Amino acid sequence: MSYEAMASVGHQTAAQLLHNRSVVVIGDSIQRSAYKDLVLLLQRDGYLSDSQLRRKGELTFESDSLVEGGCLDQMHNGTNYREVREFRSTHHRVRFYFVTRVFSRYMSSVLEDLRADAPDVVLVNSCIWDISRYKAAWEEDYAEDLHLFLGQLKEAVPRETLVVWNLTMPLGRRVLGGFLTPEVASRAGTLRYDVVEANFIGGALADAYGADVLDMHFHFRLSLQQRTKDGVHWNALAHRRMTCLILGHAAEAWGVQLPPALPRTRTAFAIAGSMRCGLAPPRPATLRGPPSPPAPRKVQVIFEDRQPIREALQPACTRHAYYTPATTPAPKFQPYPSEQNQPPGARSPYIMKKQRTRWRQRAPYSYSQRPFLDAPYRQGPRKAPQYNQWSQHIEAAYNQRLREDAPYSQPLQHIFFPFP
């Protein structure tokens, strides 16, 4: 489904498509947010707020109820955390099971619930917890658990049930999710590569068992700006897009034709790209969409005599990039200043900057500075300053100090400054 077509899947379309149907969502916290967005869309047109996306285990959310776990039990980030939610209305029913492993003793109890009350749609995803919390070499165990789960799921639900395996969405380079305990925090840097391999295993096995595969990793590979700062979860606009992709896939599987998409206008682009989660879209007078490109102009010029036209267009060539105006010749290099061009009253030598364009006066050295006289000159991180001729009284003072207690046999300026 295209990005423009997602705006047509609204409250009325979702309510009519899932009329008298039961939906079961199984997975982690991202699947929980997908369940919440579907519940919200079945009641009204709106987006989830940031607090609704971050909250977990609450007693009620948009007229649903907490059946098991959550705040009714202990809240933690362990592998044995449980949360079962259910939304019921006159013609809709949506359930959610939070799982941390694709097949376990708890998953067997979930499959027993599906056998007792067969749903019409089953949305499953389990990847991040499986490859990060149990073993470092997760490939064999994950593939074996998938075999067991998909085999028992195929026996638990009838053939008419639409089973959709959602591939995991792309992770960030820096992962800060609550599922990463200090023991496995070192694997956060390579987890995004493990997800790609786990998606390949899960998609291949789900297709082999006859389930539908919805590649969320592909659909959101170019929408990384909608990912939150923790590198795992996504914002409300991304979850609405996920819901529209799921409903569009279900409509295609059932042979239902969705209403046509909104026209490609500024109002449609602004509504589709609005980030005002939980609020009604603004009025069209305040919308600002992407500016439409100007229509290309067709210009046809017939050259009969090229030389006069070229001469006539010569002044206009100055506007093009290939035109290079005439430049003044570069000034000649100015030599180092001497005593003749020093300003009057100067008592210290002058040093030159790196650009060789300006001169500044340096504070005069005192011949009583012991480190400067005894230690050899060390060049700093910048270029060593180049000194011009010394004044007579400073040079005499240095030579006098040299004759007294410096064991050198040549003048000081030739030792430290070997240039004229």
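The preceding data block contains the structure.
Residues numbered from 1 in each chain as written. Predicted model: local features only at pLDDT ≥ 70, side-chain atom pairs only at ≥ 80, totals over all residues. Heavy atoms only, no water.

Asks: Explain the overall build of the protein chain to me, please; I cannot follow it from the model alone.
Replies: In terms of helices and strands, the protein chain carries 14 helices and nine strands. By the burial criterion, 42% of the 420 residues in the protein chain qualify as buried. If you take every contact in the protein chain between residues at least 6 apart in sequence, the share linking residues at least 24 apart comes to 68%. When the accessible surface of the protein chain is split by element, carbon and sulfur atoms take 52% of a total near 25,900 Å². (Helix = DSSP H or I, 4+ residues; strand = E, 2+ residues; numbered from the N terminus. Buried < 20%, exposed > 50% of the residue type's maximum accessible area, 1.4 Å probe, protein only. Contact = heavy atoms within 4.5 Å. Areas by Shrake-Rupley, 256 points an atom, 1.4 Å probe, with all protein chains shown as cover.)

Asks: What exactly am I supposed to notice about helix α2 (residues 29-43) here?
Replies: Residues spaced three or four apart along an α-helix point in a common direction, a consequence of the helix completing one turn every 3.6 residues. Compared with the 21 Å implied by 1.5 Å per residue over 15 residues, the 22 Å span of α2 between its first and last C-alpha is a close match. Here α2 lies mainly inside the structure; 14 of its 15 residues are buried. (Expected span 1.5 Å × (residues − 1).)

Asks: Sorry if this is basic, but what is going on with unusual backbone geometry here?
Replies: Leaving glycine aside, a negative phi is the common case for residues, and trans is the common case for peptide bonds. In this model, Glu62 sits at a positive phi of 50°, which is unusual for a non-glycine residue. Residue Ser63 is not a glycine yet carries a positive backbone phi of 75°. Note on placement: Ser63 falls in the loop between α3 (50-54) and β2 (65-69). The exposed category is assigned to Ser63, whose relative accessible area is 57%.

Asks: I would appreciate a short explanation of the environment of Phe220 in the present structure.
Replies: In this fold, Phe220 is placed in the loop between α8 (216-219) and α9 (236-254). In this structure Phe220 comes out as buried when scored by relative accessible area, which is 0%. Once the C-alpha coordinates of Phe220 and Met169 are considered, the two residues, 51 residues apart in sequence, prove to be 6.7 Å apart. Residues in contact with Phe220, not counting those within four places in the same chain, are Met169, Pro170, Gln226, Trp234, Ala238, Arg241, Met242 and Leu245.

Asks: Explain the sheet that holds strand β6 (residues 162-166) here, please?
Replies: For sheets, the rule is that strands pair by backbone hydrogen bonds, running either parallel or antiparallel. Ordered in space as β2-β3-β4-β1-β5-β6-β7, the seven strands form an open sheet in which the pairing is mixed. Strand pairing shows two members of the sheet lacking a second neighbour, β2 and β7 (212-214), which therefore form its edges. Averaged over all neighbouring strand pairs, the angle between strand axes comes to 20°, with direction disregarded. Lying over the sheet, α2 contacts β1 (21-27), β3 (83-88), β4 (92-98), β5 (121-124) and β6, oriented at roughly 165° with respect to β4. Together, β1, β2, β3 and β4 form the strand contacts of helix α4 (residues 105-116), whose direction differs from that of β4 by roughly 165°. (Pairing = 2+ DSSP bridges. Axes fitted to C-alpha atoms, helices over the stretch in contact; angles between N-to-C directions.)

Asks: Explanation requested: the environment of Leu114 in the structure shown.
Replies: By the secondary structure assignment, Leu114 is in helix α4. Residue Leu114 is classed as buried on the basis of its relative accessible area of 0%. Placed 39 residues apart in sequence, Leu114 and Leu153 show a C-alpha to C-alpha distance of 8.5 Å. The residues touching Leu114, leaving out its near neighbours within four places in the chain, are Val24, Ile26, Arg95, Pro119, Leu153, Ala156 and Val157.

Asks: Honestly, the packing of α4 against helix α6 (residues 139-156) in this entry has me stumped. Any pointers?
Replies: Angle between the axes and distance between the axes are the two parameters that describe a pair of packed helices. Taken N-terminus to C-terminus, the directions of α4 and α6 make an angle of 20°; their axes are 9 Å apart at the nearest point. It follows that α4 is roughly parallel to α6 by the angle criterion. Once α4 is placed against α6, the crossing between them reads as right-handed. Listed contacts from α6 to Met107, Leu111, Leu114 and Arg115 of α4 are Phe149, Gln152, Leu153 and Ala156. A per-class count over the contact of α4 with α6 returns six nonpolar, one polar and one charged. (Parallel < 35°, antiparallel > 145°, perpendicular 65-115°, else oblique. Left-handed = near helix turned anticlockwise from the far one by under 90°. Nonpolar A, V, L, I, M, F, W, Y, C, P; charged D, E, K, R; others polar.)

Asks: Whenever I open this one, the pairing of β4 confuses me. Can you help?
Replies: In summary, the side chains of a regular strand alternate between the two faces of the sheet. Taking burial as the measure, the seven residues of β4 include seven buried ones, the bulk of the element. Burial along β4 is two-sided: His92, Val94, Phe96 and Phe98 facing one way and Arg93, Arg95 and Tyr97 facing the other are all buried. Alignment of β1 against β4, held across seven bridges, turns out to be parallel. The residue of β4 that forms the bridge with Arg21 is His92. Of the strand pairs in this sheet, β3 and β4 are connected by five bridges, and their pairing is antiparallel. The residue bridging Arg85 from the neighbouring strand is Phe96, located in β4.

Asks: Teacher, can you tell me more about α9 here?
Replies: The terminal C-alpha atoms of α9 lie 27 Å apart, and with 19 residues this matches the ideal 27 Å at 1.5 Å per residue to within 8%. Counting buried residues in α9 gives 15 out of 19 residues, a clear majority hidden from the surface. Gly255, located one to two residues past α9, shows a positive phi value of around 75°.

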